[in-house]
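Listed here are the chains, written in short residue letters.
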2 protein chains.
Amino acid sequence: MVRLGRRAKLGILTASLAVISWAADRAGPDPDGTLHIRDIAIPLSSFLSPEARSYMLHLLRDRPFAGGPSAAQDIKGYRARQDEIMNWFLKPIRARYPVNVEHKTIGGIYTDVVTPADGVAAKNRNRVLLNMHGGGFVSGARTAALIESIPIASIEKIKVITIDYRMGPEYKFPAASEDVAAVYREILKEYRPEHIGLYGCSAGGMLTAMSIAWFEKIHVPNPSAIGVLCASIGELTGGDASFITGPLNGFATSSARPSSNGGAQFRPAYLSNVDPKDPLAYSINSPALVAKFPPTLLVTSTRGMEYSSAINSHNALVRAGVEAELHVWDGLPHAFWYNSDLPESREVYDVIARFFDRHFGK
Amino acid sequence: MVRLGRRAKLGILTASLAVISWAADRAGPDPDGTLHIRDIAIPLSSFLSPEARSYMLHLLRDRPFAGGPSAAQDIKGYRARQDEIMNWFLKPIRARYPVNVEHKTIGGIYTDVVTPADGVAAKNRNRVLLNMHGGGFVSGARTAALIESIPIASIEKIKVITIDYRMGPEYKFPAASEDVAAVYREILKEYRPEHIGLYGCSAGGMLTAMSIAWFEKIHVPNPSAIGVLCASIGELTGGDASFITGPLNGFATSSARPSSNGGAQFRPAYLSNVDPKDPLAYSINSPALVAKFPPTLLVTSTRGMEYSSAINSHNALVRAGVEAELHVWDGLPHAFWYNSDLPESREVYDVIARFFDRHFGK
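So, how was this worked out
- Position numbers for residues start from 1 in each chain and track the written sequence from start to end.
- Written order decides the labels, with chains lettered from A and ligands numbered from 1.
- Residues qualify for local features only when their pLDDT is at least 70, as the model is predicted, and side-chain atom pairs are given and counted only at 80 or more; totals for whole chains, interfaces and linings, by contrast, use all residues.
- Here the side-chain values reflect all heavy atoms present in the structure, with hydrogen atoms and water set aside.
- Numbering of helices and strands runs from the N terminus; a helix is a DSSP stretch of H or I covering at least four residues, while a strand is a stretch of E covering at least two.
- Burial here depends on accessible area, computed with a 1.4 Å probe over protein chains only, as a share of the maximum for the residue type. Under 20% is buried, over 50% is exposed, and the range in between is partly exposed.
- Two residues qualify as a contact provided that any one of their heavy atoms is within 4.5 Å of a heavy atom in the partner residue.
- Under the convention used here, a 1.4 Å probe and the Shrake-Rupley method define accessible areas, while residue burial counts only the protein chains that appear.
- Any Lys or Arg side-chain nitrogen found within 4 Å of a carboxyl oxygen on Asp or Glu counts as a salt bridge.
- Cysteine sulfur pairs qualify as disulfides if the two atoms are within 2.5 Å.
- Only strands joined by at least two bridges in the DSSP assignment are considered to pair.
- The path from the first strand over the helix to the second decides the hand: if it runs clockwise while the strands point away from the viewer, the crossover is right-handed.
- Between N-to-C directions, angles span 0 to 180 degrees; the directions come from axes that are lines fitted to C-alpha atoms, helices contributing only their stretch in contact.
- Here the expected span of a helix is defined as 1.5 Å times the quantity of residues minus one.
- As used in this structure description, the phrase polar contact means that two N or O atoms lie within 3.5 Å; if the pair is within protein, one of them must be able to donate a hydrogen and the other to accept it, and residues adjacent in sequence are counted only when both atoms belong to side chains.
- Any pair of Phe, Tyr and Trp rings, taking the six-membered ring for Trp, is counted once the centres come within 6.5 Å. Such a pair is stacked with planes under 30 degrees apart, edge-to-face with planes over 60 apart, and tilted for the rest.
- The rule for a charge over a ring is simple: NZ of Lys or CZ of Arg within 6 Å of the ring centre, and within 35 degrees of the ring normal.

Visitor: How would you explain the overall build of chain A if you had to name every residue and give the values?
Guide: Tallying secondary structure elements over chain A gives nine helices and ten strands in all. Within chain A, buried positions represent 66% of all 362 residues. Contacts in chain A between residues far apart in sequence, at least 24 positions, make up 73% of those at least 6 positions apart. For chain A, the accessible area works out to roughly 11,900 Å², and carbon and sulfur atoms hold 50% of it.

This is the structure:
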């Protein structure tokens, strides 16, 4: 190893290992390998587009999504604040991507049916996508739902049905899985399974994976493909991301020292009764179940708390022989593609649209 | 946003953004978005296998690859030390994966030809892989070269030819590209291009991408597919990885404060005369060239200094319409798969073998 001093400039990189010319910390790691990072500076990623750079600056400096009551304190107020934030994203999406949105009750469940204003493409006439919105299993119905559905419907020229599934704290697992299954069973009366795709972001990405586990349990056929976006097929967090993505979003950059079994965790009321080993909620626990997954798209970003878990899910799927596809964006936060102003978000929309297009059966 | 205090435990995750319950840093970011991370603890990734956990502990505590002269001080001593390290990896690989290794001069260039001890598979009789070894364009010939070639030859039951290309400081770009081209031209006399694959790790991954640019320049046909491993099709470093992977490997966890245009960089003597905008060295500069890439496999890990650059390369390839495939492992350092003791390394070998198998033409 070559040490060129304390500066971060790198002259020589040794043959094969991650040995660069930063000075070694004389204190060393804890006996369990925990590192103490005491004073480093992290600029915005050099790979960001100008638009993404401005957005990151805005997020870090202005914290536009702070404020409002907690879900535990005031669930109605919390949802109102979240919808306000979501509407900030939704407005430009509605301007950019002209679609029709119609309410339809399917299998007893409220859905919004999104179709491109200029019509569904001929090739997609017998195809449909089902969306499960993000929002931490607490919020996002009819707002995040449209943010995730409209660009895809418009770009791929396909019908997207977004499902207002039951959430916490009022409902508990597996209420949302049951709701998705109720819609899916109805959709199967009209569409062949190989003409159906499922996707969702964050909680909705988790619910997408949970739905595949549920379909297996109730013996309905898999859809053609699924998109587990800003999420994983296991718990949402874990790995290095649990510890570094808080700081990488401007949180706990001083004085916070999580214990080695701490880190960011996601334990919403909806999942509070679930055993973390239950494959109906966290498929990754069952390799046999994972092997039955349809082609799976994973999308994540390196400042999103789910990124370690997402890449670990991808590896588990690949190991099980599933056709799984991973896409990652650098230096961007969880679910960044809700912001349609970013060229990176357009890349995500295109990746999602092409993925389903490629996997629909004939 | 919901703030639950200074602790890292997360109760509620807001709807869509990377807002978790870490306490916000009251100091805020610099005007350019640079964050100062002052005191955080990062345990080993929860996704590591027991073997990988032990290996990381060993790397962080014992720094087994430290010591020895710098390449600038004593190139011969530096290479001897690197070969010593590489032989530490090579020994168990030779025991695990029985192969024959024969020297052959091809197109005037020294190569090692690796064939499985129990023979090449019938399907692979007309197929060959070319390997460009890692080692920072300074070292790794005949050692790292075999580490990268033997497991793939053995698992895929295919012939792998690893090229001892010219390196720095004695030689400068494009000497290595010329050497790869010299071998490739000879190989093309025996094999159809759709039966040839190219891959390499670190400097060798960069050289793999450089070779595609060079083949385009000299008008030789593309191989069937390439593997850009622990590397990128642009510069090796960049993005968040330049700033956080040093600390994540136990370097500069205190007192180092790189400027916002600093971070880990890779500027070996071999590339010292190259314009960072030159697409012959860094293909990512030319979208037209990127669009001509054959199917490309990218493998990286989140404690490898190349990971941001690797994922950014994947996005550039996908944007250009190239069939590109990304695999990432959490919490592991640059080129971790040189260590054949890790189940994660076996996953990498399998991913590489299956990728080429899938992309060879009939």
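So much for the structure itself; the text now carries on.
Visitor: So what about the pattern of salt bridges? Which residues, and what values?
Guide: This model, assessed by the stated rule, comprises 36 salt bridges over all chains. Close ionic contact of R81 of chain A with E84 of chain A constitutes a salt bridge, the shortest N to O distance being 2.5 Å. In this pair, R81 of chain A and E84 of chain A are both assigned in helix α2 (residues 75-96), three residues apart and thus about one turn of the helix distant. With a closest N to O distance of 2.9 Å, K292 of chain B and E216 of chain B form a salt bridge. With K292 of chain B in the loop between α7 (287-291) and β9 (296-303) and E216 of chain B in helix α5 (residues 203-218), the pair connects residues that are 76 residues apart, well separated along the chain. Residue E216 of chain B is classed as partly exposed on the basis of its relative accessible area of 33%.

Visitor: For the state of the cysteines, give the residues involved together with the corresponding values.
Guide: Residue and element names in this part refer to chain A. Under the criterion given, the structure shown has two disulfides over all chains. Residue pairing for C201: its cysteine sulfur links by disulfide to C230, the two sulfurs lying 2.2 Å apart. Looking along the S-S bond of the C201-C230 disulfide, the torsion reads about -115°, which is the left-handed sense. Taken together, the positions of C201 in strand β7 (residues 196-201) and C230 in the loop between β8 (225-229) and α6 (241-244) put the pair 29 residues apart, joining distant regions of the chain. You'll find C201 and C230 in the same group, each marked buried.

Visitor: I'd love a proper account of the pairing of strand β10 (residues 324-333) of chain B, names of residues and values included.
Guide: Residues and elements named next belong to chain B. Where burial is concerned, most of β10 is hidden: ten out of the ten residues are buried. Here β9 pairs with β10 via seven bridges, running parallel. Opposite T296, over in β10, you have A324 as the bridge partner. Regarding topology, helix α8 (residues 307-319) serves as the crossover connection from β9 to the parallel β10, and that connection is right-handed.

Visitor: Pulling in residues and values, what's your account of the sheet that holds strand β3 (residues 99-106) of chain B?
Guide: In any sheet, the strands associate via hydrogen bonds between backbone groups, in a parallel or an antiparallel arrangement. Residue and element names in this part refer to chain B. If you trace the eight strands from one edge of the open sheet to the other, you get β3-β4-β6-β5-β7-β8-β9-β10, paired in mixed fashion. Each having just a single partner strand, β3 and β10 make up the two edges of the open sheet. Within the sheet, the average angular offset between the axes of one strand and its neighbour, ignoring direction, is 20°.

Visitor: Any details on α5 of chain B? Residues and values, ideally.
Guide: Since one α-helical turn is 3.6 residues long, residues separated by three or four positions face the same way. Compared with an ideal rise of 1.5 Å per residue, which puts 16 residues at 22 Å, α5 of chain B spans 22 Å between its outermost C-alpha atoms and is within 8% of the ideal. Of all 16 residues making up α5 of chain B, 13 are buried, and the element is well covered by its neighbours.

Visitor: With reference to specific residues and values, describe helix α8 (residues 307-319) of chain A.
Guide: All names here are of chain A. Between the first and last C-alpha of α8 there are 18 Å, a value that for 13 residues agrees with the 18 Å anticipated at 1.5 Å per step. In terms of residue burial, α8 counts as a mostly covered element, since twelve of its 13 residues are buried. Inspection of α8 places Y307, S308, S309, A310, I311, N312, S313, H314, N315, A316, L317 and V318 among the buried residues, and these make up the whole buried set.

Visitor: Before we move on, could you go through the pairing of strand β3 (residues 99-106) of chain A and cite the residues and values that matter?
Guide: Residue and element names in this part refer to chain A. Here β3 pairs with strand β4 (residues 109-116) via eight bridges, running antiparallel. Across the sheet, the residue bridging to V99 is P116, located in β4. Counted along the chain from β3 to the antiparallel partner β4, the turn is two residues long, and its residue G107 has a positive phi close to 60°.

Visitor: Explain unusual backbone geometry residue by residue, including any values.
Guide: All names here are of chain A. The amide bond that connects G168 to the next residue, P169, takes the cis arrangement and shows omega of 0°. By the secondary structure assignment, P169 is in the loop between β6 (159-163) and α4 (175-187). Here the residue pair F173 and P174 is connected by a cis peptide bond, since its omega of 5° sits within 30 degrees of zero. Within the secondary structure, P174 sits in the loop between β6 and α4. A positive phi is found at S202, a non-glycine position, where the angle reads about 60°. Counting through the fold element by element, S202 comes out in the loop between β7 and α5 (203-218).

Visitor: Run through the side chain of T296 of chain B, naming residues and quoting values.
Guide: Residues and elements named next belong to chain B. Considering the arrangement of structural elements, one finds T296 in strand β9. Accessibility expressed as a relative area gives 0% for T296, which makes it buried. Within the structure, T296 has its side chain in polar contact with the backbone oxygen of P294 (distance 2.7 Å).

Visitor: Give me the lowdown on the packing of aromatic side chains, citing residues and values where you can.
Guide: Within the structure shown, the criterion is met by 30 aromatic pairs over all chains. Between W88 of chain B and F89 of chain B the ring centres are 5.0 Å apart and the planes differ by 75°, which places this aromatic pair in the edge-to-face class. Its relative accessible area of 44% is what places W88 of chain B among the partly exposed residues. Their ring planes at 15° and their centres at 4.7 Å tell us that F137 of chain B and Y270 of chain B sit as a pair that is stacked. Separated by 133 residues along the polypeptide, F137 of chain B in the loop between β5 (128-132) and α3 (144-156) and Y270 of chain B in the loop between α6 (241-244) and α7 bring together distant segments of the chain. By relative accessible area, which is 0% here, Y270 of chain B ends up buried. Members of the aromatic cluster, connected to one another through ring pairs, are F65, W88, F89, Y97, W337, Y338 and Y349 of chain A. Sitting over the face of the ring of Y171 of chain A, R166 of chain A holds its NZ or CZ atom 5.4 Å from the ring centroid. Over the face of the ring belonging to Y110 of chain B we find R142 of chain B, whose NZ or CZ atom lies 3.4 Å from the ring centre.

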